[in-house]
Amino acid sequence: MANKKKKVRLRYGRIAAALCVLAAIVVLIYYIIVGGIALFNWIFRSSEDTEENGKKPKVEVTPEMRACDEAMARRLDSLMNLPQTLDTSLIAVSVYDVTTESQVYEFHADKSMAPASCMKIATAVAALKTLGMNYHYNVSLQVRGEMDHDTLVGHLLLVADDDPLFTDFTPLVRKLKEKGISKIRGNIYLNLAREDTLKAHPTGKTWDIPYHKAPLLMKGKDRITRQFMATLSACGVSFEKDLSVNSANAKGKYGGGRYHYVVLSRHDIKEIITPMLIHSSNVKADALFYHLDWKKGILPEKEMVWDRKHYTEIFWNSILSPEDSTKCEYPRKAKPFLAYKDGSGLSPENLLTANTLVDMLRYTWDDKELRDYFIKEALASPGCERSGSLKTRMARAEYINRIFVKTGTLVTKGGSSLSGYLQGLDGHWYIFSIIHEDSPVADARIFQDRLCKMMMGKRAKVDSIKGKE
């Protein structure tokens, strides 16, 4: 009997041991699978998240790739050494190969020159990175008080960013009336981001941004106030000024001691930057330039200032010339003098170099969200609906979807520029910048187009950037 019990205990012990071993095997297999999945994800993500996390993958440059760059440099040098109708001492050229991550060609590339409207690249990138790709300009009507039938006994507040696309108060006032407010007894206040008039830089020409071209919210506080009050009257909203009204103690839906949004108008920052780059809008560029100053506290009096460092310059110094030079991602041997006088490039005292513009576009390329926006939406490209300031330049089929640029012209200084991205004859993607000074604009454009065509060449099959992603 004792032996029988012993055998039963032994049998159960073996079963328990077997179950423990099986459980251990199952747990081991589970962790092997989980570990394998994690390893696969890490390996897969290591190549994918380089752009998402701002880390660039290490490029393995082959001798064939180097040979392409050398051939490109020889072609460009041969062009510069041909007899020219232009004075080559007044031309700056910089070309960088994105594919091999190397500088391909430089010609007076560190010479400080007026970049003309290519200055808008600096303004656009600084704004997008500082304010965000989804930033909005807001104009709102807010109220505080109590309703007596169709009368607001309280205060109406207009809060307005210096939105260059805002042209008329009528839609806002009509919506205010639709909310049941036809009369206002109390007071009306304006809180404006800008209280003076948008003007060209003193070194530019007054006709570049004349008063009649200034957007409504940049015509000065007095003009804005008059137009707002006139619009209220024209839309049938009457106003009776009564300083005895105390809206702070009001009750109801517009009470509680705070202002309530009634109407809101919004414009996306891209609605300003896209036409600013494609069609080279000077008004939009300078409006954005000073809006950045206001947002960063450089315009404390809500008026334009010219005698202090603008935020665009502060932004680019932090990228291209940080205090700790070891942290600079775009090091250059030369440190030329740069000047940021306005956001449009109208001032002849703006100074950048061809290398600086290339580095700004490299910074843009390295940010995938910025790169996609610039190439797919914001830069002019020939042969499509956004040819913009390029018009008929480089419009042949073999160049379509292979070049994306910002043009620049400064007639008062004989300045012309062209900067952007293009796909070369070798399939590599290049960032380039060309600046002319004291040169006939027509001849300068012919030279720029010739250089770009030489880089792109003729290809039987055109691969757009979409196919390279």
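Residues numbered from 1 in each chain as written. Predicted model: local features only at pLDDT ≥ 70, side-chain atom pairs only at ≥ 80, totals over all residues. Heavy atoms only, no water.

Quick word on the side chain of Arg194
Tracing the backbone through its elements, the reader meets Arg194 in the loop between strand E5 (183-192) and helix H5 (221-234). Contact partners of Arg194, with chain neighbours within four places excluded, come to Asp162, Leu217, Met218, Ala287, Tyr290, His291, Lys302 and Met304. (Helix = DSSP H or I, 4+ residues; strand = E, 2+ residues; numbered from the N terminus. Contact = heavy atoms within 4.5 Å.)

What about the confidence of the model for the protein?
When pLDDT is averaged across the protein, the result is 86; 88% of the residues are at 70 or more. Low confidence marks residues 46-51, where pLDDT is under 50. Its contacts with residues over four positions away, or in another chain, come to 6 contacts. Per-residue pLDDT stays below 50 along residues 459-469; that stretch engages in 25 contacts with residues further than four places along the chain or on separate chains. (pLDDT = per-residue confidence, 0-100.)

Quick word on the sheet that holds strand E2 (residues 102-107)
The strand order E2-E1-E10-E9-E8 describes an open sheet built from 5 strands, whose pairing is antiparallel. The sheet is open, and its two edges are formed by E2 and strand E8 (403-410), each paired on a single side. Strand-to-strand twist across the sheet, computed as the mean angle between neighbouring axes with direction ignored, equals 5°. Bridging between strand E1 (residues 91-97) and E2 involves 5 bridges; their strand directions are antiparallel. When the sheet's bridge partners are listed, Val95 is paired in E2 with Tyr105. Strand contacts of helix H11 (residues 441-456): E1, E8, strand E9 (415-423) and strand E10 (429-436), with the helix running at about 15° to E9, the strand carrying the most contacts. (Pairing = 2+ DSSP bridges. Axes fitted to C-alpha atoms, helices over the stretch in contact; angles between N-to-C directions.)

Brief notes about the pairing of E10
The element E10 is extensively covered by neighbouring structure, given that 8 of its 8 residues are classed as buried. Because side chains alternate across E10, one face comprises the buried residues Trp429, Ile431, Ser433 and Ile435, and the other comprises Tyr430, Phe432, Ile434 and His436, equally buried. Where E1 and E10 come together, 7 bridges link them in antiparallel fashion. Residue pairing in the sheet places Ser94 in a bridge with Ser433 of E10. Relative to E10, E9 runs antiparallel, the two sharing 8 bridges. Its bridge partner lying in E10, Ser419 is registered against Ser433. Linking E9 to E10, which pair antiparallel, is a turn of 5 residues; within it Gly427 sits at a positive phi near 90°. (Buried < 20%, exposed > 50% of the residue type's maximum accessible area, 1.4 Å probe, protein only.)

Remarks on the pattern of salt bridges
Close approach of charged atoms allows side chains of opposite charge to pair. Counted according to the given criterion, the structure contains 12 salt bridges. A salt bridge links Glu195 to Lys221; the shortest N-O distance between them is 4.0 Å. With Glu195 in the loop between E5 and H5 and Lys221 in helix H5, the pair connects residues that are 26 residues apart, well separated along the chain. Residue classification places Glu195 among the partly exposed positions, given a relative accessible area of 28%. Arg396 is the salt-bridge partner of Glu398, the closest N and O atoms lying 3.2 Å from each other. Taking relative accessible area as the criterion, Glu398 reaches 12% and is therefore assigned buried. Among the charged side chains, a network of salt bridges with common partners joins Glu106, Arg332, Asp359 and Arg362. (Salt bridge = Lys/Arg side-chain N within 4 Å of Asp/Glu carboxyl O.)

Here's the deal with the nonpolar core
In terms of nonpolar packing, the biggest core is built from 54 residues, with Ile273, Trp316 and Phe374 touching the most fellow members. Sorting the residues of this core by element identifies E1, helix H3 (119-131), helix H6 (269-278), helix H7 (282-295), helix H8 (311-320), helix H9 (354-366), helix H10 (368-378) and E10 as the ones contributing at least two each. Tallying contributions element by element places H3 first for this core, with 9 residues. In contact with Ile273, not counting residues within four places along its chain, are Ala124, Ala127, Leu128, Leu288 and Tyr373. Leu76, Leu86, Leu390 and Met394 belong to the second-largest nonpolar core, a separate cluster that totals 28 residues. (Core = buried A, V, L, I, M, F, W, Y, C linked by side-chain atoms within 4.5 Å.)

A word on the sheet that holds strand E4 (residues 151-160)
A sheet is described by the order of its strands in space; here 5 strands give the open sequence E6-E5-E4-E3-E7, paired in mixed fashion. Strands with a single pairing partner mark the edges of an open sheet, and in this sheet they are strand E6 (238-241) and strand E7 (260-268). Looking at each pair of strands side by side, their axes are set apart by 30° on average, direction ignored. Sheet topology note: the E4/E5 ladder contains 10 bridges and is parallel. Opposite Thr151, over in E5, you have Lys183 as the bridge partner. Across the sheet, helix H4 (residues 170-178) lies against strand E3 (136-148), E4 and E7, angled at about 150° from E7, the strand it touches most. Relative to E5, H5 is tilted by about 150°, and along the sheet it contacts E3, E4, E5 and E6.

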